[in-house]
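Chain residues, written in single-letter form:
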Amino acid sequence: MNVITAENLTKSFGSFTAVDHISFEVAQGEIFGFLGANGAGKTTAIRMLCGLSKPTSGKGYVAGFDIRKQPEQIKANIGYLSQKFALYEDLKVWENIRLYAGIYGIPEKKIGDRIDEILTRLGFENEKEVLVKALPLGWKQKLSFSVAIVHEPRIVFLDEPTSGVDPATRRQFWELIYDAADRGITVFVTTHYMDEAEYCNRVSIMVDGKIQALDTPKNLKKQFEAGNMDEVFHQLARKARLNGD
Amino acid sequence: MKQLKAFIKKEFYHIFRDRLTTAILLLLPIMMLILVGYAITTEVRNTELAIFDPSKDAATLAIINKLESSGYFNVTRYLDSPDEIEHVFREGKTGLAVVFSERFYENLMHTGQAQVQLLADGADPNHAITVTNYATTIIASYQQELLKASVTGVPYQISPEVKLLYNPQMKGAYNFVPGVMGMILMLICAMMTSVSIAREKELGTMELLLVSPMKPIYIILSKVVPYFFLSIINLTTILLLSVYLLKVPIAGSLFWLIILALLFIFVSLALGLLISSMVEKQLVALLISGMALMMPVVFLSGMLFPVENMPWLLRMISEIIPAKWFIMGVRKIMIKGLSYPSITKELLVLGSMAVVLIAVSLKKFKIRLE
C-alpha cells in the first residue's frame, strides 16, 4: 500500500522552478531516501508533502489525504523533523516529550506511560529532569527524533536529520530509524550523505529539481556500474551539468 | 483546550527559567519609575541665586524670603552693583540673578508698578526657562497676597503660567508616569511577543508546530497570554509605585484607567504579532520593536517633547502612534481627574487600532511556510 504519492508535483518561485514535475510512490513501512545536493529542491518537496507549502501544480497524497485540500488531516498523521532540532532548550527532557505529546493529541492518561517508554528506549532514564540545553548534540538529536514520532505517526519526514553530526552518532541515529520502520512507521528521509543512502530501502536522486533516478541502492549501483552511491550521484550530477551547458 | 493550557505553561517556563528576562521584565518598570521620579526630572532644585536689592524694603525681603523657602533656590550672593552680574554668571555657579528696582515697595504701593528683572544663563535654555518660570510664579504669588491684603485693591496682573495648572509644584513625575506606563507596556507586549515568536522560528520549533495538528490560533494565544498577564502585573506595580512612592494621585476613575490600559495592551500585543509575522530572526524583531516602536514612543508621543510644536509631518506621524493616545488618556484620567466622556476619542482611536492590527496580524500569521 502506498502512503505517499506524488504526481508531477511542481513548485516555482517566480521564474525559478525549485521542484520540477516529480512523481514517485512510497510504500507503507519503507525507508525512502530522498537524495540530492544542497539546493536540489529536497526541502521544498518535503514541505509540500507536509502541507507547509502549496504546490504550484501537480498532485500529492500523504496517508491517503490530498496535500492541497486536507493539510489538517495530514498533519495528524505525520511526524516531522528538520535539521534544526526543534526541542525547547529551556525545558526539561520529559517536559519536551510531554509538550509534543499534548500537541499531537495523545490522551492525557497515556502521556505518562509514553514518556517512560521513550526514556527507556533511549536509555535516558537518568536524564528525565535534565534541561535539554545540557544534553550533548547526539543525544538531542535522538531525543528530537523520538519527539517527532511521539504519536506513532504513519509517516515521518526527516529533512537532513544528520547534517553536521559525527559518523558514530549518525549510526546510532539510523538505528532509531530502523527501529521506527520495524514498528511500521514509513520513513521519508532527505540527506546529502551518500553513505546513508545505502541504509535506505529505495532512494530517489534529485538534481536541479528533477528526479533523475529512483530504485533500490543495489539496482542503482548496478545500473550506473558504480561501486557505491557516491559514484552514482556524481555520474548523475555530471550528466545534468553537461545537459545544462 | 488542554493543548493550549500545556502551551501557555511552556511559555511561562521560557520566561521564568530565563532569570535575566524575568528580572528585567519585573524590575524594569520599578527601575524606570524610580529613575524618572527621582533622577530624570525636569524639576530644578537648589538653584544658586544672586540678588541685587537696592531697596531692601518689606516687599523685596518678602520676595527673597519666599524664593528661598520654596526649596528651588538658595540665595548665595548679594550683589553690590548690577555690574557684578556678568561676573557671577561667568563663575558658573549662579543659576538665576534677581535684580530689584529702587524703592520697590513704595512704587508698588503707589503706582501699582515695580520692576524686577530675572536673569538666567541662556546657555542651558531648558534650565533657564524652568528657573525663571519658578521665580515668576513665586513673585506672582506674592503679588496676589499683597492684593488680598490691600484695602484699596489696586489691580495687578495675574500669573499667566498656564502650564502649572494641573501641576502646581511642577513635579516631573506627573508628566513622566503616563509616559513610562506607555513605554513599559509597549516594550513588554510588543517586544517580548515578537521576540518570542521569532525565537521559535529561529530554533525551528515554529516549523514543527506548523506541521503539527496544533491550531495556529492556539500558537498565537499561547504567545499572547503570558505577556498579557505580565503586563497586568507591571501595570499594577506602576500604579502602586506612582501613587505611593511618587505621590502622583489617580485623580480620575481607576476603572476607566484600567480599561484604557487594557486596550493599549491589546494594541501593543497585536503590534508584536504583526512584527513577528514579518521577521525570521530574534535580533531583527528586537531591532524593529526597539527602533520602530520605542523611538516614536519616546520622541513623538508627547512624553518628552510637546508634539504641538513639531513640524506637521512629525505631528501627522504622532497621530498614528498608539502610545500618544494612551498617554493623552492617562494624563486626562490620572492628573486632570477626568473620566469616561472626555476620553471617548482616545478609547475609540485605540479600539480601532486594536481591531485593525489584530485582524491584519492574524491574517498575516502564516499557516503555511512559503
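Rules behind the numbers
Each chain has its residues counted from 1, following the order in which its sequence is written. Note on labels: chains are lettered from A, ligands numbered from 1, in written order. This being a predicted model, a pLDDT of at least 70 is required before a residue's local features are given, and a value of 80 or more before pairs of side-chain atoms are given or counted; all residues contribute to the totals for chains, interfaces and linings. Think of it this way: any DSSP run of H or I at least four residues long counts as a helix, any run of E at least two long counts as a strand, and we number them from the N terminus. To sort residues by exposure, count the other C-beta atoms lying within 10 Å of each residue's C-beta; 20 or more gives buried, 12 or fewer gives exposed, and values between give partly exposed, all with C-beta atoms placed from the backbone. Here contacts are defined at the residue level, using C-beta atoms placed from the backbone and a cut-off of 7 Å between them. This radius of gyration counts C-alpha atoms alone. The globule rule is 2.2 Å times how many residues there are, raised to the power 0.38. Here, any two strands with at least 2 DSSP bridges between them count as paired. Geometry is summarised by axes, namely lines fitted to C-alpha atoms with helices restricted to the contacting stretch, and by angles between N-to-C directions that run from 0 to 180 degrees. Under the scheme applied, nonpolar residues are Ala, Val, Leu, Ile, Met, Phe, Trp, Tyr, Cys and Pro; charged residues are Asp, Glu, Lys and Arg; polar residues are all the others, including Gly. By convention here, the domain bounds are inherited from an automatic or database domain assignment. Any angle between 65 and 115 degrees counts as roughly perpendicular, while under 35 counts as roughly parallel, over 145 as roughly antiparallel, and the rest as oblique. For any helix crossing, the convention is left-handed if the near helix is rotated counterclockwise from the far helix by under a right angle, and right-handed if that rotation is clockwise.

Participant: Just give me the short version of the overall build of chain B, but keep the residues and values in it.
Facilitator: Assigned secondary structure in chain B consists of 14 helices and 4 strands. Put simply, chain B has 370 residues, and 38% of those count as buried. Across chain B, the fraction of contacts at a sequence separation of at least 24, relative to all contacts at a separation of at least 6, is 77%.

Participant: Now, about the overall build of chain A: what can you tell me, with residues and values included?
Facilitator: A count of helices and strands for chain A gives 9 helices and 10 strands. On C-alpha atoms alone, chain A measures out to a radius of gyration of 18 Å, which is about the 18 Å that the 2.2 N^0.38 rule sets for 245 residues. Here chain A holds 245 residues, and the buried ones make up 44% of them. Across chain A, every contact between residues at least 6 apart in sequence was considered, and the portion connecting residues at least 24 apart equals 69%.

Participant: Can you tell me about the sheet that holds strand β2 (residues 16–27) of chain A, naming the residues and giving the values?
Facilitator: Residue and element names in this part refer to chain A. Strand order in the open sheet formed by 4 strands is β2-β1-β4-β5, and the pairing between neighbours is antiparallel. One side of each edge strand has no neighbouring strand; the edge strands of this open sheet are β2 and β5 (65–66). Two elements, strand β4 (residues 57–62) and β5, share 2 bridges in a ladder whose sense is antiparallel. Looking across to β5, one finds that Y61 is bridged to D66. Packing against the sheet, helix α1 (residues 42–49) makes contact with β1 (2–13), β2 and β4, and its axis sits at approximately 120° to β1.

Participant: Before we move on, can you summarise the interface of chain B and chain A with the specific residues and values?
Facilitator: Each partner contributes residues to the interface: chain B has 21 residues there, and chain A has 22 residues. When contributions to the side of chain B that touches chain A are tallied by element, the ones reaching two or more residues are α1 (2–17) and α8 (205–211) of chain B. Here the element with the most residues in the side of chain B that touches chain A is α1(B); it accounts for 7 residues. Counted by class, the side of chain B that touches chain A contains 9 nonpolar, 5 polar and 7 charged residues.

Participant: Can you lay out the domain arrangement of chain B for me, pointing to particular residues and giving the numbers?
Facilitator: Interface size, as often reported, equals the accessible area lost upon joining of the parts. Under the domain assignment, chain B is made up of domain 1 (2–40 + 171–364) and domain 2 (47–164). Its C-alpha centre places domain 1 of chain B at a distance of 45 Å from the equivalent point of domain 2 of chain B.

Participant: Which residues make up the packing of helix α3 (residues 93–103) of chain A against α1(B), and what are the values?
Facilitator: The relative placement of two packed helices is expressed as an angle between their axes plus a distance between the axes. Contact pair α3(A) / α1(B): the axes reach a minimum separation of 9 Å and the direction vectors enclose 150°. As far as their axial angle goes, α1(B) and α3(A) are roughly antiparallel. With respect to the hand of their crossing, α3(A) and α1(B) are arranged in left-handed fashion. Judged by residue contacts, L99(A), G102(A) and I103(A) of α3(A) engage K2(B), Q3(B), A6(B) and K10(B) from α1(B). Partitioned by chemical class, the residues of the contact of α3(A) with α1(B) number 3 nonpolar, 2 polar and 2 charged.

Participant: Tell me what's going on with the sheet that holds strand β3 (residues 31–36) of chain A, and back it up with residues and numbers.
Facilitator: Residue and element names in this part refer to chain A. Strand order in this open sheet of 6 strands is β6-β7-β8-β3-β9-β10, and the pairing throughout is mixed. Bordering the open sheet on either side are β6 (78–81) and β10 (210–215), each of which pairs with just one other strand. Each strand axis lies, on average, 15° off the axis of its neighbour in the sheet, ignoring direction. Pairing of strand β9 (residues 202–207) with β10 involves 5 bridges; the strand directions are antiparallel. For V207, the partnering residue across the bridge sits in β10 and is K210.

Participant: Residues and numbers for the environment of I22(A), please.
Facilitator: All names here are of chain A. Relative to the assigned elements, I22 resides in strand β2. For I22, a count of 23 C-beta atoms within 10 Å gives the class buried. Between the alpha carbons of I22 and D208 there is a distance of 11 Å; along the sequence they are 186 residues apart. Residues in contact with I22, not counting those within four places in the same chain, are A6, L9, A45, K210 and I211.

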